[in-house]
Structure formats: structure tokens, C-alpha cells
Number of protein chains: 2
Amino acid sequence: MQAIKQRSWKTRLEAKEKRIENLKNITSSRIIPTDKIVEALEQLIMPGDRVVLEGNNQKQASFLSTALAMVSPQKVHDLHMIMSSISRPEHLDLFESGIAKKVDFSYAGPQSLRIAQMLEDGKLTMGEIHTYVELYGRLFVDLIPSVALVAADKADASGNLYTGPNTEETPTLVEATAFRDGIVIAQVNELVDELPRVDIPGSWVDFVVVADKPYQLEPLFTRDPRHISDIQILQAMMVIRGIYEKHQVQSLNHGIGYNTAAIELLLPTYGESLGLKGKICKHWTLNPHPTLIPAIESGWVESVHCFGGEVGMEKYVAARRDVFFTGHDGSLRSNRTLCQLAGQYAVDLFVGSSLQIDGAGNSSTVTSGRLAGFGGAPNMGHDPGGRRHSSQAWLDMMTSDDPLARGRKLVVQVVETFQNGNKPVFVESLDAVNVKKDAALATAPVMIYGEDVTHIVTEEGIAYLYKASSMEERRQAIAAIAGVTPIGLEHNPKKTDKLRREGLVALPEDLGIRRTDATRSLLAAKNVEELVEWSEGLYEPPAKFRSW
Amino acid sequence: MQAIKQRSWKTRLEAKEKRIENLKNITSSRIIPTDKIVEALEQLIMPGDRVVLEGNNQKQASFLSTALAMVSPQKVHDLHMIMSSISRPEHLDLFESGIAKKVDFSYAGPQSLRIAQMLEDGKLTMGEIHTYVELYGRLFVDLIPSVALVAADKADASGNLYTGPNTEETPTLVEATAFRDGIVIAQVNELVDELPRVDIPGSWVDFVVVADKPYQLEPLFTRDPRHISDIQILQAMMVIRGIYEKHQVQSLNHGIGYNTAAIELLLPTYGESLGLKGKICKHWTLNPHPTLIPAIESGWVESVHCFGGEVGMEKYVAARRDVFFTGHDGSLRSNRTLCQLAGQYAVDLFVGSSLQIDGAGNSSTVTSGRLAGFGGAPNMGHDPGGRRHSSQAWLDMMTSDDPLARGRKLVVQVVETFQNGNKPVFVESLDAVNVKKDAALATAPVMIYGEDVTHIVTEEGIAYLYKASSMEERRQAIAAIAGVTPIGLEHNPKKTDKLRREGLVALPEDLGIRRTDATRSLLAAKNVEELVEWSEGLYEPPAKFRSW
């Protein structure tokens, strides 16, 4: 036996106890005074620590990130930051000042140019770019945090947290840290005697600090119906008729965007006229989109499980608790980890969009000079090879008579053939290929791989890619709906006729849709005010969406 | 606007309140008296309800399942049961008596013959067979529970639960139910004034009942080293040398079995002699296998995240908290959902085994007449198409120079060419194909698809399937290591030589391994008593594993 017997097996616990001991001159309880937070972080965080800083595309631990940027780089430096989203300026200031050195992240939308520049200038070391759930998974494997800085709505004196509608990934970040002798620090909007409900038990939380103002929260999933175009309505009609009805889609996820907002607003009108209510689109995994209100009010929606909340939807959700997941207090309980799991494994269909698609159907939202990351789309926008249960829509994708054949998830891309500014969406080669070279990434940052895409919808028609029996046929089907883009110009009208006859391509007329019917008059709500009316005044849109 | 305005939007809450009101004559608190549980279930569960009954391959809500089987089928009938595992006789008695009608499940190992028979006899209706995480996902989409019957170690009077080392999927089952106005009933081993820690907040739990005896818990992951054969040691040497060292595997999951136990017990001996300590196998997602003790004591293991606990490992885990996820009370915190997520997305490699593998590498543990289900293997044993971050081992699987090429997860099957009883493992066609027909399943119950398998290891050698450039080459590589099975007999010695030269096949001698060195003397522990010694007496094996 060659065991090394002298080592301590609680070095993490000892380090934690020592840090907490150091804090005794600042607080003797779990509560850190608001004005002492910078000093407290200097005691609780050590150079080289792995620090999870909560911040995704919705809620941000903005008080704690601001405080972290104010610590002395002489005391706290070379941190390895783990962030779902790099979205606030101070997230990158940390690296400028030397407080932080390395970053693992999922999404960097608003800071994507600056991060690319800093990487080029050697001002930060990049770990990996993940989807949300990959990053959460690594928190339990090889990115176990030393410290977690998270945001909650309320706390009590025992450290129990109420995260309310924006529970999001807070429980997952806290669990990874708390159960490995890391230090959990939560900023809260207020300290109360009794919480509406407990979302995270106090025994998982080391310190609570009342923030100087509520955490930042963006209304990211609100789309004003005024901006929905006739083309988007045409596409939405094609999706409802040519995909949802055709494959009897029961459960689904919609990404952010006007394309999917149009679909949501057409269910109570066009969908109703097709007699589809109660037959399709019953179970949803998505945030509480205001544009889903008319479908909910019309009785289309049986259930919605949410990644996060949405600003202004709090009262509406609480009043529709048969549909949403809510606590006994009545407010939404979201959970990004579980919703991503459900969105991956438990729904029939994912709809997304993209800035570029190549001839084989690979797509990416990454464009030159930007390191935007992935968020959650790749997780939900692929055919999960671990799935074993079937559903009607899933089986409908089965085209082989191999005895081991199986179904697949419907992964739909809805795009117009040209972006604003007349840039073609369908391109010979994705910008992602160059970004890989420029940023020295190990692989090209593809959002959705062509082999996973079952349908592409443009203003020209639908390509039913799951039916293609060869790469050649797949390329032809994509070319047939790619308009006058470089890829579309390759299309052969005779071959397209054959593809239409064989059901690999459908134009609007093949689906019984007249282009002239695709007008804004079909929208169940034409503006935010009408969404508020549908909600019986329960939806309270943020000021910037109010025009009345 | 066509909204239907008259409906109530809290029908689920109203139904819940009415049921709880009905219970007033049994209890006025959260605590249901032990001897009133059958009567209480008759009040709380309604005909046709969707009921989640906790029971996986480890812990079982055995008191509640026994009680449910005792309710009056006149009062409670036609339930739709959702069970991770169908493993106790009363789980199927429910269907014999008419209390339950339909079942969705993941695993039915011990009851797999009876369930197949009952299905044939029309005594139960089958929903779908899932992996664990698919079933959890559906709890938030289209299998939202009305009632959850779960098991915990301890509760306090407020309903807070301590699940201790066997937290497993309890939080996930409770979250799906509690936040959709379902009723959560937890059996506990004891009621205490103060919990060691809170694993599930009391505001998520409606009722607690003290069970007449502790919940059933099986030591499923304990393998006595006495039963490890020289052939398994040879295979373990090949895995360490030809896969772990070759690809620099840092993070991994081991399934249950003597094959993987042999690998674990060879790390401190054979692995050490190769100078691999600190270079491979640092991060693990697996239950606290007793056979991992010598590797932990020798300093090989940086972290272990667990699906569940393991009987007898409680004190050892608590004393090694630098390695395991533990609460501030010192005991293990497992989480099946998060560990499956990590095992899917965050590790380099999965090792499993199988009863049958066909010529293309598809495998299944399903054999005729049995509906065993899947458990978790397909989730971890596939190449997750949603993964976007890279690791060295993952990139090592990249064989294409396509600009969009990516790496893949290492999925390894370790099998002997023949099972006990002289049945060949390598077969022309999987029994799963016939089971599909016999049980009228929508797809054949394949455990791991050939396209996902990167390596197969037998006593003959290793097939490096990720290098195969065609199905033909894949079949040849498998045939080369399939011994004298029907598949192996197809192999062509000249082609095998070519495959060896090109690195698609390696025999032990190609890896510098002498078959005569593969003996039990290499095991770091040769029996359970030696595991106890390695653990400094902290591991307390169940009586059936004690021979001293």
C-alpha cells in the first residue's frame, strides 16, 4: 500500500474558515454592511481564486460585479472568472486592472467586440466558450468555484433566499459552490423578516449583502408587435401549416425574435382558422413572452416552464398559475438548468434564427471581430443523441426502414434570405471559420450544425432537410429556398420542381397559403397596448415599450 | 379578440386546497401519523392522477409505495405512474389491482420480466421508456405530476427535508410538483428538531410522514475485488494505456461493473508505474465506489460528483471532503440530475459495458422477454451534439480537416467476447430488434448507438472506431477484436494487420502489455477487507460484503 497518509482532507474547509475568520472585524453575522462590501470581498477572495459571477442575459449581480471591480488589485488579482454572460462594462474592467486573468463563459453579446480586442491584446486569457448547461456541468467537475457572487430578491437573517420569478441559474451556481466548501455571497434587494417562499436554503449561503439598488434586469424577451413585418407573418403561416400542423408538434421552445413572436400571435387567428387549437403547441419551454399572452388567453397553452422571468409579466404570470410554474406565494419559479434540460430532451421542436447559413445548413450568429458565444441555442438546437423516448412529431422525422432507425428532434431555422443592410444570410462559408483562425479557437464557433437542422424556412418556402437522402439533395433543397443569395443562385429550377413533388421543398402555394393573405391584420395583437388589453391589464410593460 | 374570459386560472390550486381540506380529520399539521398514511393517500390522490413515485436503482420511497398499494381501488384508481425505476413487487401490484393503469419509466431491472408479461396481458398501459434525465425533463413539460411521493432521511416540523448522502433526484421531483400546485408527500426516517442541513425547503413540501422503517437503499455500486478476473485486469491495463494515457483523459464517468472496478484498482499500481498520477483521471462523475478508495488515498482524485450515495461509504466520504461534494454538516450531497448533466456535457469519457453488440457497434442490454429500460447510460454514452467547449481528449477524436470539424466525447465499451453461459456478445442482430416487435415499441431499445461509440475493448484488443472512415472499416475493426463470435469469425487477418498498422486496432502487445502480467497481484485491493484498510476503517461495508 502506497497511500499518502499525511495530507489534510479538508484544506478547502480550512481555507474557507480562515477567510471567514478574517471578516470578523467587518461583521459577526451573515450580513455584510452595504458600504463594507469592497473590503469584505478583499478578505473573502484570494488571488487565483475561481469566482463565479452571476450574470446572464437577464439578471445580473450588478452590485457585486461593481464592488469586485473596486477591490485592490494588489490584494485580489489573477482571478479565474466563470460567467454565464459577459455583459456589463466592469466585467471586462476586471481584466484591464489585473483583478482577473482568465475567463470561461457562455455568452458575450454586448461586450463581444471588446472581448475579441482584449484577447488579441493579451489582456485576458480565454478558457472555453460554452453553452449555459455545459458551463453549469463543469462547475461540478473541473471548474469548481472557490467563491460565488449571486443575486436574489430578498433574504432573511438566516440567509434563506427568495429569488422569485428570476430564479434562473442561481440555485445551480450556489449548489456547486456551497457543497464544495466554497464561499457563497448573495446580493439582495432587501432583507425581510419572512420570505414569500424559500428558493435557496440559508444553510447553502455564507453571506448576504443588501445592494444599493436592485439588481439589473433586462426585458430581453419582449418584442413589440408593431415591428412584425408581413414577411415574418408569411413565414409564421408557413411554420404553423407546414411544420406544426404537418408534424403535430405538441411541445416546443421558441427563441427570442420577431419571427417566433409572429408565430405566437398567429395561433389565436390563423391557427384557430385551421382548427388547430388543442391539437398543437400545448406545452412550452420558454420565458414568459408577452407575445404569448393572446394564445394563453385563447386557451391554446396548457403549460409553460421558464428559463427566467420577464420584466412586467410578474402579475400576469401570478394570475395564470394553471399555466405557469409558480410557488405557493403565487409568483413564477423559473430554473434555467431544468428548463434547458427540458428544452433539450423533452420537447418536440426548437425554432431559432441565424445571421448566416452555409450551403450545407450549418449556421452561426458569430461574425468577424465579435466573440459572441452561444448562450443556450446549441443545447436545444440539436438532435439529442441520448434521447430514447418517442413522440409523434419525433417519430415523424424517421425516414429509414432500418430496424434500429429512430426519430429525431425538429430543429427549425427561420430566416429571411437577406439581413438588414442587404447582407446575404446564405453564404458559401461562415464567418465563424475566420473567427476560429483570428481568435485561435480550437474549433469554429458554429451555433447549429447542418446535420441537426430538420427544416429551414425563408420567405421563399420550407426546405424539409430531414428528408434529404444525401448531402447533394440537402444542398439542393437549401438552394431552392435561398432566394438570390450566392447559395440560392446555384439552384436548378428543374431540380426544385422535383423536390417539391417529393416533399423536400414546399412553397407557400404548396401549403395552401396565399402571399397576399400574409398581412398584419392577422396578428392577434398589433402593438404592446393590445397585449396589455388581452392580459386584462395584468401585463405591465416597461416604459420603453409604452407608446400610450 | 376572442379570449375565453370565464375560466378559472387556478383550478390546480383549488383542487389541491380541496384535497388538503379533506385531510383535516386526519391531521391539522404537515405531519401525517404513520398509521394513517393509507387513509391520507385515499384523500390526497384522485382517480386518474399523475403520480411520481420516487424509486431509482438506489433509494426507494418504500413506505409510501407499500401504502399506495394498500389504498382502496374503489377510491383511487387508474393512476398514471411516473417512476424512475420499477423495482419493487408492489410497484407492479398497483397495476394488478387497478390502482394504477399507465406507466412512464426509465429502468425496470428487477421487474423486467413481469412488466413484459403484464404488458402482453394488457394489465398495464405503457407510456414511454426514458433515460433518467428525459423523464425529469418531461416532469416540467407534458408529464407534470399531480402528486409526488418521495423519500428523505429527516424532516423538521416545518417540512424542511434533509436527504443527506442520497439526495439523488428528490429535489427535481419535488420542484416539478411543488411549483405546479401538486401535492408533495415525503416519507422520512425520523422527525427532528433541527436538521443537519436543509436539502429541500419546507415551503416546497406539503406533508411529511415518519416511515415504519428506513427507506430501502441498495449498495448497488459495491463490487467485491475478489471477483475481478485476470481477463478484466488485462482489459483494464489496455484501457489505462491505450485510451486514458493515449488521449490524456482528465474527467470521466465509470458505470457499474467489475470492468471499471478493475480500472479503478489498477490506477495506484499499474497507472502509477506508468507515471500517470496527476496526469489523467482527475475529475470524476460517479457514485462513491468503494473500489475508488485506493486511488483517492493515493492522491489520484481531485474531485468526485455523485449521482447518489453508496451504503457504507458515508463516514469515508465525510472524512474526504476535499474530494467529494459535502454539506457544511460534512455528509455527501449527491444530485442525480446535475450529475447526469455533468456526465453528459462536462466529462471527456464514459465507460460502459453491454450484453450484446452488433457488427456496426450498436449495443443493448435488453434481451428477449425483458423490458429493462435504460437508466442513465444512453445520456452519458453518446456524443452530445450540443457541446461547444473543447478539451484535449475531445479534440483528439477529431479526424477530419473540414474547417467546421469538431471533437467528440469518448464513449468506450468494455466487454468480453462471450458472456457467461457461452453466449456471444458480438451478434449479427440485437435482441432489441425482436423486443421492439414483441412489445410493440416505436423504436428498438438500443442502449448505445454504434455511431456514438469511439472505442470497443475486449480481451483481444482495442478497436479505435473514431478513426474508421467508413462503415466497412468500422465493421472490420470490430470484427478484429470480436474473437470467435459470429462477428469475429468474419475478420480477415490481412485486413487486421493493416488496421493495426494504421492505428485502428491495437492488440495488447501493440500497447506494450504482456498478457502474462495481467494478474490479480496488480489490484491495489484484492478484497473488501483491503478496501476497508485503505480507508483507515472509515468504509463500513454492508454485512453481505464482509467475509471476516
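Residues numbered from 1 in each chain as written. Chains lettered and ligands numbered in written order. Predicted model: local features only at pLDDT ≥ 70, side-chain atom pairs only at ≥ 80, totals over all residues. Heavy atoms only, no water.

> What is the right way to read the overall build of chain A from this model?
Of regular secondary structure, chain A possesses 18 helices and 22 strands. Here chain A has a C-alpha radius of gyration of 25 Å; the compact-globule value for 548 residues is 24 Å, and the two agree. When the backbone C-alpha atoms are referred to their principal axes, chain A occupies close to 80 × 55 × 50 Å. Expressed as a percentage of the 548 residues in chain A, the buried residues total 66%. (Helix = DSSP H or I, 4+ residues; strand = E, 2+ residues; numbered from the N terminus. Rg over C-alpha atoms; globule rule 2.2 N^0.38 Å. Buried < 20%, exposed > 50% of the residue type's maximum accessible area, 1.4 Å probe, protein only.)

> Which parts of the structure should I look at to understand the interface of chain B and chain A?
Interface size is commonly expressed as the accessible area that is lost once the parts come together. Listed per partner, the contact involves 108 residues of chain B and 108 residues of chain A. Roughly 8700 Å² is buried in total at the junction of chain B and chain A, and carbon and sulfur atoms are behind 57% of that figure. Area buried by chain B at its contact with chain A is led by B:Trp9, B:Asp322 and B:Arg388, which between them contribute 11% of it. Ionic pairing is found between B:Glu175 and A:Arg333, a salt bridge with its closest N-O pair at 3.0 Å. Inspection of the region where chain B meets chain A yields 50 residue pairs in polar contact (both at pLDDT 80 or more). In terms of residue count, helix H12 (residues 336-345) of chain B provides more of the side of chain B that touches chain A than any other element does, six residues in total. Counted by class, the side of chain B that touches chain A contains 47 nonpolar, 30 polar and 31 charged residues. (Contact = heavy atoms within 4.5 Å. Buried area = accessible area lost by both parts, 1.4 Å probe. Salt bridge = Lys/Arg side-chain N within 4 Å of Asp/Glu carboxyl O. Polar contact = N/O pair within 3.5 Å; in protein donor to acceptor, adjacent residues only side chain to side chain. Nonpolar A, V, L, I, M, F, W, Y, C, P; charged D, E, K, R; others polar.)

> How should the relation of the copies chain B and chain A be read in this particular structure?
Between the two copies of the chain lies a rotation about an axis combined with a shift along it. Rotating chain B by 180° and moving it 0.0 Å along the rotation axis overlays it on chain A with an RMSD of 0.0 Å. Expressed as an axis order, the relation between the two copies is that of a two-fold axis. A share of 100% of the interface residues of chain B reappears at the interface of chain A, consistent with the copies meeting face to face through the same patch. (Least-squares fit on C-alpha atoms with pLDDT ≥ 70 in both.)

> Hey, could you run me through the nonpolar core in this one?
As a rule of thumb, soluble globular proteins bury nonpolar side chains together. In terms of nonpolar packing, the biggest core is built from 78 residues, with A:Met81, A:Phe95 and A:Leu371 touching the most fellow members. When residues in this core are grouped by element, the largest group, five residues, is from helix H2 (residues 37-44) of chain A. Residues from two domains meet in this core; each of domain 1 (30-217) and domain 2 (225-520) of chain A gives at least three. If sequence neighbours within four positions are ignored, A:Leu371 has contacts with A:Phe105, A:Ala108, A:Ser112, A:Ile115, A:Ala116, A:Leu119, A:Met126, A:Ile129, A:Val435, A:Ala439 and A:Leu441. B:Leu23, B:Ile32, B:Ala100 and B:Ala439 belong to the second-largest nonpolar core, a separate cluster that totals 77 residues. (Core = buried A, V, L, I, M, F, W, Y, C linked by side-chain atoms within 4.5 Å. Domains from an automatic or database assignment.)

> How should the sheet that holds strand S12 (residues 251-254) of chain B be read in this particular structure?
Strand-to-strand pairing in sheets goes through backbone hydrogen bonds, with the strands running parallel or antiparallel. Residue and element names in this part refer to chain B. Strand order in the open sheet made by the eight strands is S14-S13-S12-S15-S18-S20-S21-S22, with mixed pairing throughout. This sheet does not close on itself; its edge strands, each paired only once, are strand S14 (303-305) and strand S22 (505-506). Summarising the sheet, strand S13 (residues 283-285) and S14 pair through three bridges and their orientation is parallel. Residue pairing across strands places Trp 284 opposite Val 304, the latter belonging to S14. (Pairing = 2+ DSSP bridges.)

> Honestly, the pattern of salt bridges in this entry has me stumped. Any pointers?
Pairs can form between side chains of opposite charge once their charged atoms are near each other. The full count for this structure, using the stated rule, is 54 salt bridges over all chains. We note a salt bridge from B:Glu502 to B:Lys498, for which the minimum N-O separation is 3.1 Å. Since its relative accessible area comes to 39%, B:Glu502 is described here as partly exposed. A cluster of three or more residues bridged by salt bridges with shared partners is formed by A:Glu175, B:Arg197, B:Asp199, B:Asp329 and B:Arg333.

> Please clarify how the domain arrangement of chain A should be interpreted in this entry.
Residues and elements named next belong to chain A. The assigned domain composition of chain A is domain 1 (30-217) and domain 2 (225-520). Between domain 1 and domain 2, the contact holds 33 residues from the first and 30 residues from the second. Between domain 1 and domain 2, the buried area comes to about 2500 Å², and carbon and sulfur atoms account for 56% of it. At the boundary of domain 1 and domain 2, one finds four salt bridges. For the pair domain 1 and domain 2, the interface holds 21 residue pairs in polar contact (both at pLDDT 80 or more). The element that contributes the greatest number of residues to the side of domain 1 that touches domain 2 is helix H5 (residues 112-120), accounting for five residues. Residues of the side of domain 1 that touches domain 2, tallied by class, amount to 17 nonpolar, twelve polar and four charged.

> What am I meant to see in the sheet that holds strand S12 (residues 251-254) of chain A here?
Residue and element names in this part refer to chain A. If you walk across this open sheet you meet the eight strands as S14-S13-S12-S15-S18-S20-S21-S22, and the pairing is mixed. Edge strands, defined here as strands with exactly one partner in the open sheet, are strand S14 (303-305) and strand S22 (505-506). With two bridges joining them, S12 and strand S13 (residues 283-285) adopt parallel strand pairing. When the bridges of S13 are listed, Ser 251 appears paired with His 283. Helix-sheet contacts for helix H9 (residues 258-273) involve S12, S13, strand S15 (349-352) and strand S18 (410-414), and the interaxial angle to S12 is about 135°. (Axes fitted to C-alpha atoms, helices over the stretch in contact; angles between N-to-C directions.)

> Any chance you could explain the pairing of strand S6 (residues 125-129) of chain B here in plain terms?
Regular strands show a simple pattern: their side chains alternate between the two faces of the sheet. Residues and elements named next belong to chain B. Where strand S5 (residues 100-107) lies against S6, three bridges are found, and the strand directions are parallel. Residue pairing for S6: Lys 102 is matched across the bridge by Thr 125. In terms of handedness, the path from S5 via helix H5 (residues 112-120) over to S6 forms a crossover that is right-handed. (Right-handed = clockwise from strand over helix to strand, strands pointing away.)

> I tried to follow helix H17 (residues 493-501) of chain A on my own but got confused; where do I start?
Each α-helix winds once per 3.6 residues, and so residues spaced three or four apart point in a common direction. Capping of H17(A) at its N-terminal end is provided by A:Asn492; its side-chain oxygen lies 2.9 Å from the backbone amide nitrogen of A:Lys494. Directly after H17(A), the chain includes A:Gly503, whose backbone phi takes a positive value near 80°.

> Please clarify how H5(B) should be interpreted in this entry.
All names here are of chain B. Three or more residues of H5 are buried, namely Ser 112, Ile 115, Ala 116, Met 118 and Leu 119. All buried residues of H5 project into a common sector of 165° when viewed along the axis, lining one side. Contacts made by the buried residues of H5 are with helix H4 (89-96), S5 and S6. Residue Gly 122 follows H5 closely and has a positive phi angle near 75°. (Arc of directions from axis to C-beta.)

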